[in-house]
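# Results of the structural survey
Listed below, chain by chain, are the residues.
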Amino acid sequence: MADIGLNSDTHFNHAAILTFDDYNGKPVRDFANVDEMNQCMLDNWADTVKPSDTVIHCGDVLFGMDKVAWLEANFSKLPGKKRLVLGNHDNVKQLAPFFKDIQLWVNLPGMVLTHMPLHEQTLSETMRWDGVSPLNVHGHIHSNPSPSDQHRCVCVEQTGFKPIHIDEVRNEISRF
């Protein structure tokens, strides 16, 4: 069986993100420039993902420039089958040719993948399966902490700027 990787908020080509700070005033990303940031994430992806793998990207893929040309020149060459959970900065029309599918959320055993963290009440009351609340795997918050232990952020700032294996997240489900 092929492996599944998870990541979020790559923000390829987003130069301004290099000026953002987290809640503690620490830079969200410590790169000299956007090209260094892009290359780091492209290299890490290529080193982590096999062609037979699937990567579920939890949104906010890229910013700026001619997106389609950049995606064709760079993103399309990355290994693995790519699925997208739509982020608040994603353009479906531009991204559709580069992803196997695009959804608002993905349900997997014991977890629900979204871009933004779901409210705890939604997880505990609305999204229960067999009496158990799922782990919400999400992006959007970058290096800031997730809202609760029912959440797991897979933003690249929290995963070493690379997709992480789904088993790393599945191991956290045993906490419940």
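Residues numbered from 1 in each chain as written. Predicted model: local features only at pLDDT ≥ 70, side-chain atom pairs only at ≥ 80, totals over all residues. Heavy atoms only, no water.

### Overview of the sheet that holds strand E4 (residues 101-103)
Read from one edge to the other, the open sheet built from five strands follows the order E4-E3-E2-E1-E9, with strand pairing classed as mixed. In this open sheet, the two edge strands, each paired with only one partner strand, are E4 and strand E9 (164-165). Bridging between strand E3 (residues 81-85) and E4 involves three bridges; their strand directions are parallel. The residue bridging Val85 from the neighbouring strand is Gln103, located in E4. (Pairing = 2+ DSSP bridges. Helix = DSSP H or I, 4+ residues; strand = E, 2+ residues; numbered from the N terminus.)

### Details of the packing of aromatic side chains
According to the stated counting rule, one finds five aromatic pairs in the structure shown. Taking the centre distance of 6.3 Å and the plane angle of 70 degrees together, the rings of Phe12 and Phe75 count as edge-to-face. Taken as a pair, Phe12 in the loop between strand E1 (4-7) and helix H1 (34-48) and Phe75 in the loop between helix H2 (67-73) and E3 lie far apart in primary sequence, 63 residues in all. The class for Phe12 is buried, based on a relative accessible area of 0%. Taking the centre distance of 5.1 Å and the plane angle of 80 degrees together, the rings of Phe31 and Phe161 count as edge-to-face. With Phe31 in the loop between E1 and H1 and Phe161 in the loop between strand E8 (151-153) and E9, this pair connects stretches of sequence that are 130 residues apart. Given the relative accessible area of 15%, Phe31 is considered buried. Note on Phe161: relative accessible area 15%, which makes it buried. (Phe/Tyr/Trp six-rings, centres within 6.5 Å; stacked < 30°, edge-to-face > 60°. Buried < 20%, exposed > 50% of the residue type's maximum accessible area, 1.4 Å probe, protein only.)

### Notes on the pattern of salt bridges
The final tally for this structure, using the stated rule, is six salt bridges. We note a salt bridge from Glu157 to Arg29, for which the minimum N-O separation is 2.7 Å. Of the two residues, Glu157 is situated in the loop between E8 and E9 and Arg29 in the loop between E1 and H1; the sequence distance between them amounts to 128 residues. Ionic pairing is found between Glu168 and Arg152, a salt bridge with its closest N-O pair at 3.1 Å. In this pair, Glu168 is assigned in helix H5 (residues 166-173) and Arg152 in strand E8, connecting sequence segments 16 residues apart. (Salt bridge = Lys/Arg side-chain N within 4 Å of Asp/Glu carboxyl O.)

### Comments concerning the sheet that holds strand E6 (residues 111-113)
One open sheet holds the four strands; their spatial order is E5-E6-E7-E8, and the pairing between them is mixed. The outermost strands of the open sheet, each flanked by one partner alone, are strand E5 (106-108) and E8. Taking the axes of each pair of neighbouring strands and ignoring which way they run, one obtains an average angle of 20 degrees across the sheet. As defined by bridge partners, E6 adjoins strand E7 (residues 135-138) across three bridges and the pair is classed as parallel. Paired with Leu113 across the two strands is Val137, which belongs to E7. (Axes fitted to C-alpha atoms, helices over the stretch in contact; angles between N-to-C directions.)

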